[in-house]
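Here is how the chains run, residue by residue.
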Amino acid sequence: MIKGPSGKRTEYTYRWVVDGQDEGRKTGWVTGTTDDRRNPFGAFEPGSHTIVYHLLTPSKATRRVSFTVCERNS
């Protein structure tokens, strides 16, 4: 969740790092509050994964989540 000043459009930059692969710097705009999501979020092979979200500007923050996708049962 990205929160910016109410009523003012603010530019922010961020990057996703998925399983060690940097997806590059991206830019977004927020007015009030927005969710920043990576798509397709559910397209992971079975096994362990780590996703890191770096907010770069206008302030810095990092959030990390690790999870395991199980084999599909037939």
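Above: the structure in question.
Here, residues in each chain are numbered from 1, in the same order as that chain's written sequence. Two thresholds apply to this predicted model, a pLDDT of at least 70 for residue-level local features and 80 or more for giving and counting side-chain atom pairs, whereas whole-chain, interface and lining totals are computed over all residues. Only hydrogens and water are removed before side-chain values are computed, so all heavy atoms of the structure are retained for them.

J.: Just checking my understanding: could you explain the pairing of strand 5 (residues 47-57) for this structure?
T.: Along any regular strand, the residues point their side chains to alternate faces of the sheet. Note that strand 2 (residues 9-18) and strand 5 share six bridges and pair antiparallel. Across the sheet, Arg15 pairs through a bridge with His54, a residue of strand 5. In this description, strands pair whenever DSSP reports at least two bridges between them. Secondary structure elements follow DSSP: runs of H or I of four or more residues count as helices, runs of E of two or more count as strands, with numbering from the N terminus. As defined by bridge partners, strand 5 adjoins strand 6 (residues 61-69) across nine bridges and the pair is classed as antiparallel. The partner of Leu55 across the bridge, within strand 6, is Ala61. In textbook terms, the turn of a hairpin is the stretch between consecutive antiparallel strands, and for strand 5 and strand 6 this stretch comprises three residues.

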